[in-house]
Structure formats: C-alpha cells, structure tokens
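# Architecture and fold: a report
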Amino acid sequence: MLDKEAVESTRKAGEIVRKVKSEAKDWIKQGILLIEIAEKIEEHIVKLGGKPAFPVNLGINEYAAHYTPNHEDKTIAYGLLKVDFGVHVKGYVADNAFSLNLDKSEKNKKLIEASELALAEAIESIKRGETLGEIGSAIQTTASDTGFSAIQNLSGHSIEQWELHSGLTIPNYNNNSSIVLEEGIYAIEPFITTGEGKVYDGKPSGIYQLKKSGGIRDANAREILKYISEEYNTLPFCSRWLVKKFGRRALISLSFLESAGILHQFTQLVEKSKAPVAQSEATIIILGEDVEVVT
Ligand code: CO
C-alpha cells in the first residue's frame with residue numbers, strides 16, 4: 001500500500017523529470033561532451049527542487065546501461081545515445097530514460113521507435129491488469145515484430161523510498177510469471193537491440209551504492225563515507241560527484257570503501273554482439289484501480 005507522502009513525492013519527482021526531459025531533448029546535440037550533458041541535467045534537477053536519484057547514465061550505441069562520465073571524461077555524444085536519469089524527492093524516485101538518434105541513422109530511428117512502442121504496449125498491458133509474463137511478452141513481441149530483440153537480462157523494477165530497485169523485476173520477455181502488479185511504484189524499461197539481446201559486465205562504472213554500514217580506519221575514507229550516507233543514503237552515486245566535492249583524494253577512499261565491502265561498484269553493461277541498443281523508460285504509480293504515468 002502507498003501512503004500520501006510516497007504518492008505526492010513521486011508525482012513531484014515525476015514533474016521535474018518531465019521538465020528536464022523536454023528541455024534536454026532540444027539541447028542535447030552530437031558533439032557535446034557527455035560530462036557537460038550529465039552535469040547540466042543534474043544541475044537542472046536541483047534548480048527545480050529535486051535531487052538526482054542516481055548519476056545520469058549516458059550510454060552510446062552498444063553501451064546499454066551504467067555508463068556515466070568520470071571527472072575527466074572526454075567522450076563526446078554521438079550515435080544512439082540513451083539518456084537515463086532519475087529525480088528523487090525525500091527519497092521517492094521517478095526514473096526515466098529516452099534515446100536520441102544523434103547521427104540520424106535510419107536503423108537507429110527504427111530501434112528507438114520500437115523501444116517507445118514497447119514501453120507503450122507494456123503500460124497498456126499493465127492497465128489491463130496482466131501478469132508479469134504477459135507484460136514481458138508485450139515487450140518481446142513488439143521487439144520481434146519490428147525485427148529486433150528485447151534485452152533479456154535487463155529489466156524494469158519496483159521502487160520504494162531510497163530503493164531504486166526494491167526487489168520485484170519487470171521482465172522484458174515472457175518469463176511465465178503469473179504475478180500481477182500490486183499497488184506501488186514501478187519503472188518499466190524495455191531495451192531493444194539489433195543484436196543478440198543480452199548484456200555482459202564491462203568495465204567498472206564509477207557508479208557506487210552503499211551496501212552496508214561499517215567502520216573504516218582511514219580518516220579520509222571515514223569522512224567520505226559519512227558524506228555518502230548523509231547525502232545519498234542507499235541511492236546510487238558516482239566518483240565524479242565525489243571528486244567535485246573532495247578532490248582527487250575521493251578516488252582512493254572509494255577504492256578503500258569498495259575493498260572493505262561497504263560500497264558496491266556497478267559495472268558498465270554492454271550488448272553482447274556490440275550492437276546498438278535503444279531504451280525507453282517511464283515510472284508509473286499503481287494506486288487502487290488506476291495506473292498513472294508520472295514521468
Ligand atoms: Co530504471
């Protein structure tokens with residue numbers, strides 16, 4: 001069951017997402033540094049009264065997820081760019097993603113359209129009260145009808161306060177689950193590709209999450225850990241943010257905290273056949289009989 005604070009905070013976060021997204025679609029262009037894109041989006045979120053729920057993910061082509069620029073990243077935007085960002089208000093998250101066809105390729109245009117259609121079909125399936133298997137099937141069928149594949153080992157997720165992925169998985173294929181979504185907050189996120197439809201773990205991403213509380217002897221690391229738990233709680237954050245706040249000494253502290261098992265670092269997720277991936281994502285609130293798209 002959802003309380004009033006959860007619903008209102010998620011709606012407010014969703015409103016900020018919509019504003020940031022509609023502007024970002026206009027100003028993101030081929031050739032801009034990814035770091036500029038990430039920072040501009042993150043600053044816009046704060047200006048509108050929210051906080052980034054996680055670092056802006058900017059995956060180019062086969063990079064499906066978990067690519068955020070590091071503090072000295074020189075990568076520029078090109079190709080099929082996925083912009084996945086979230087806003088939180090009091091720990092309640094509105095998560096979303098869209099894809100841009102920066103080099104105006106016909107194939108990428110079709111991929112992006114397929115991911116948008118798959119998202120719309122999944123939401124319709126949820127509105128009909130269908131099972132997780134049927135929702136996944138709606139996504140998978142849309143992908144295959146357009147000649148593409150949905151990525152099977154990436155999925156949507158339930159969301160709770162301070163928990164971006166709170167346990168329930170919403171599949172991008174028919175996993176035969178007969179579970180029907182209950183009242184709650186969910187992100188639906190089909191990833192569509194011309195490739196095989198699987199991602200593998202690439203390099204470390206510089207995106208971290210607090211895993212457990214724990215003591216650490218090093219004074220620098222202790223200071224940074226305190227900041228992390230106060231500022232991000234259990235939501236993901238990145239090395240770029242901490243270098244901005246503490247300078248380069250943050251990097252060694254992050255590696256101490258990771259080795260001590262206090263932080264988890266995510267890996268970049270890359271499509272197995274190195275084929276381009278399009279992503280569309282929205283957050284919904286299921287409240288009684290209603291399905292409300294908030295982003
Ligand atoms: Co998500």
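Just so we're clear, the structure is a prediction, and the values are computed from it rather than from any experiment.

### Quick notes on the coordination of the cobalt ion
Distances from the cobalt ion to its protein donors, Asp95 (OD), His157 (NE2), Glu189 (OE) and Glu281 (OE), fall at 2.0 to 2.4 Å. Mapping the donors of the cobalt ion onto the primary sequence yields the spacing D-x61-H-x31-E-x91-E. Here the residue Glu189 occupies a position in the loop between β8 (184-188) and β9 (191-193), and Glu281 occupies one in the loop between β13 (277-279) and β14 (282-287), the gap between them amounting to 92 residues.

### Let's talk about empty space enclosed by the protein
One pass over the structure, following the stated rule, counts one cavity of 30 Å³ or more. What lines the largest cavity is simply Asn57, Leu58, Gly59, Ala64, Ala65, His66, Tyr67, Lys82, Asp84, Phe191 and Gln279. When residues of the lining of the largest cavity are traced back to their parent elements, those giving at least two are β1 (51-60), β2 (63-65) and β3 (80-89). Its residues assigned to classes, the lining of the largest cavity comprises five nonpolar, four polar and two charged.

### Topic: helix α1 (residues 4-27)
Compared with the 34 Å implied by 1.5 Å per residue over 24 residues, the 35 Å span of α1 between its first and last C-alpha is a close match. For α1, the complete set of buried residues consists of Ala6, Val7, Ser9, Thr10, Ala13, Gly14, Ile16, Val17, Val20, Lys21, Ala24 and Trp27.

### Thoughts on the domain arrangement of the chain
On domain assignment, one finds that the chain holds domain 1 (4-198 + 273-293) and domain 2 (202-268). Just the C-alpha atoms count here: the centres of domain 1 and domain 2 sit 25 Å apart. At the junction of the two partners, domain 1 supplies 26 residues and domain 2 supplies 19 residues. Between domain 1 and domain 2 the total buried area reaches about 1,700 Å² when both faces are included, carbon and sulfur atoms providing 58% of it. If you sort the residues of domain 1 by the area they bury against domain 2, His66, His71 and Trp162 come out on top, with a joint share of 38%. Here domain 1 and domain 2 share four salt bridges between them.

### A few points about the sheet that holds strand β11 (residues 237-238)
Taken in spatial order, the four strands of this open sheet run β2-β12-β10-β11, and their pairing is antiparallel. Whereas interior strands pair on both sides, the edge strands pair on one side only; in this sheet they are β2 and β11. Two strands pair when backbone bridges link them, and strand β10 (residues 199-210) and β11 are joined in this way by two bridges, in the antiparallel orientation. Looking at β11, one finds that Tyr208 is bridged to Phe237.

### Re the sheet that holds β13
The strand order across the open sheet formed by three strands is β5-β9-β13, and the pairing between neighbours is antiparallel. The open sheet is flanked by β5 (149-150) and β13, the only strands paired with a single partner. Summarising the sheet, β5 and β9 pair through two bridges and their orientation is antiparallel. Bridged to Ser149 within β9 is Thr193. Running over the sheet, helix α3 (residues 106-127) touches β9 and β13 and is turned about 145° from β9.

### Digging into α3
An ideal rise of 1.5 Å per residue puts 32 Å on 22 residues; α3 measures up with 32 Å between its terminal C-alpha atoms. Looking at α3, one finds that the buried residues are Asn108, Leu111, Ile112, Ala114, Ser115, Ala118, Leu119, Ala122, Ile123, Ser125 and Ile126. N-cap assignment for α3: the residue whose side-chain oxygen lies 3.4 Å from the backbone N of Lys107 is Ser105. With its phi angle positive at about 75°, Gly129 sits one or two positions after the end of α3.

Analysis parameters
Residues numbered from 1 in each chain as written. Predicted model: local features only at pLDDT ≥ 70, side-chain atom pairs only at ≥ 80, totals over all residues. Heavy atoms only, no water. Donors = N, O, S within 2.8 Å, 3.2 Å for Na, K, Ca; no water. Helix = DSSP H or I, 4+ residues; strand = E, 2+ residues; numbered from the N terminus. 1 Å grid on protein atoms, 1.4 Å probe; cavity = no way out; pocket = protein on both sides within 12 Å on 5 of 7 lines; lining within 4 Å. Points joined across faces, edges and corners; volume = space filled by probe spheres on them. Nonpolar A, V, L, I, M, F, W, Y, C, P; charged D, E, K, R; others polar. Expected span 1.5 Å × (residues − 1). Buried < 20%, exposed > 50% of the residue type's maximum accessible area, 1.4 Å probe, protein only. Domains from an automatic or database assignment. Contact = heavy atoms within 4.5 Å. Buried area = accessible area lost by both parts, 1.4 Å probe. Salt bridge = Lys/Arg side-chain N within 4 Å of Asp/Glu carboxyl O. Pairing = 2+ DSSP bridges. Axes fitted to C-alpha atoms, helices over the stretch in contact; angles between N-to-C directions. Polar contact = N/O pair within 3.5 Å; in protein donor to acceptor, adjacent residues only side chain to side chain.

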